[in-house]
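Secondary and tertiary structure notes
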Amino acid sequence: MMSRPRLRYSFCCWFLVLCTFNVIADPVDFELPGLDGKTYRLSDYRGKWVLVNYWATWCPPCREELPELEIFHNNHKDHDAVVIGVAMESIKRERLQQFVDQQFLSFPILLAEPAARTELGGVPGLPTSFLINPDGEVVARQVGPVTAEDVEQFISNQQK
């Protein structure tokens, strides 16, 4: 778990990234296959906040943050926000499904090959999360773990 000073630092990073995306943002979209066999489009979630988290099973900080993402997703999925996990690794579906089941993850897990750049922006390391506002615009990027509290605070500040 992250300590309190780290939470403040992490939130500060979210805020600084917001300033870099600023004012005129275009809606973004992508289409990726899900672990469940469905095709997912980011645009299907317009009207909600979407936290897109790029991660891998071999990444210790990614594994550490998964429970926080699950908490955030479960607290918000029925009204204002969702989490979408994008597994950025070459891994057999069966092995990934087993990992997801062991972690009790309920948010959609999408499949992507490792890449330094995505439709949402650069992924310099894992985990990397992008926060998409209800209009479909990228408003923040966090390289490194986030907590449910980090994301809730950021969204709350945006709605003021």
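**As for the side chain of glutamate 70**
Along the chain, glutamate 70 falls in helix H2 (residues 60–76). A distance of 2.5 Å separates the side chain of glutamate 70 from the side chain of serine 106, its partner in a polar contact. Not counting chain neighbours up to four residues away, the residues in contact with glutamate 70 comprise Phe104, Leu105, Ser106 and Phe107.

**A look at the state of the cysteines**
Scanning the entire structure with this criterion turns up 1 disulfide. A sulfur-sulfur separation of 2.4 Å characterises the disulfide bridge that pairs cysteine 59 with cysteine 62. The sign of the S-S torsion, about 75 degrees, decides the handedness of the disulfide formed by cysteine 59 and cysteine 62: right-handed.

**Some thoughts on the pairing of strand E9 (residues 138–143)**
Alignment of strand E8 (residues 128–132) against E9, held across 5 bridges, turns out to be antiparallel. Note on E9: the bridge partner recorded for threonine 128 is valine 143.

**Let's talk about the packing of aromatic side chains**
Counted under the stated rule, the structure contains 2 aromatic pairs. Considering the side-chain rings of tyrosine 54 and phenylalanine 130, the 5.9 Å spacing of their centres and the 90 degrees angle between planes classify their relative orientation as edge-to-face. Taken together, the residues span a long stretch of sequence, with tyrosine 54 in strand E3 (residues 49–55) and phenylalanine 130 in strand E8 at a distance of 76 residues. What makes phenylalanine 130 buried here is its relative accessible area of 0%.

**What about the pattern of salt bridges?**
Under the defined criterion, the tally for this structure stands at 1 salt bridge. Taking the shortest distance from any N to any O, the salt bridge between arginine 41 and glutamate 31 comes out at 3.0 Å. With arginine 41 in strand E2 (residues 39–41) and glutamate 31 in strand E1 (residues 31–33), this pair connects stretches of sequence that are 10 residues apart. Residue classification places glutamate 31 among the partly exposed positions, given a relative accessible area of 48%.

Thresholds applied
- Residues numbered from 1 in each chain as written.
- Predicted model: local features only at pLDDT ≥ 70, side-chain atom pairs only at ≥ 80, totals over all residues.
- Heavy atoms only, no water.
- Helix = DSSP H or I, 4+ residues; strand = E, 2+ residues; numbered from the N terminus.
- Polar contact = N/O pair within 3.5 Å; in protein donor to acceptor, adjacent residues only side chain to side chain.
- Contact = heavy atoms within 4.5 Å.
- Disulfide = S-S within 2.5 Å.
- Pairing = 2+ DSSP bridges.
- Phe/Tyr/Trp six-rings, centres within 6.5 Å; stacked < 30°, edge-to-face > 60°.
- Buried < 20%, exposed > 50% of the residue type's maximum accessible area, 1.4 Å probe, protein only.
- Salt bridge = Lys/Arg side-chain N within 4 Å of Asp/Glu carboxyl O.

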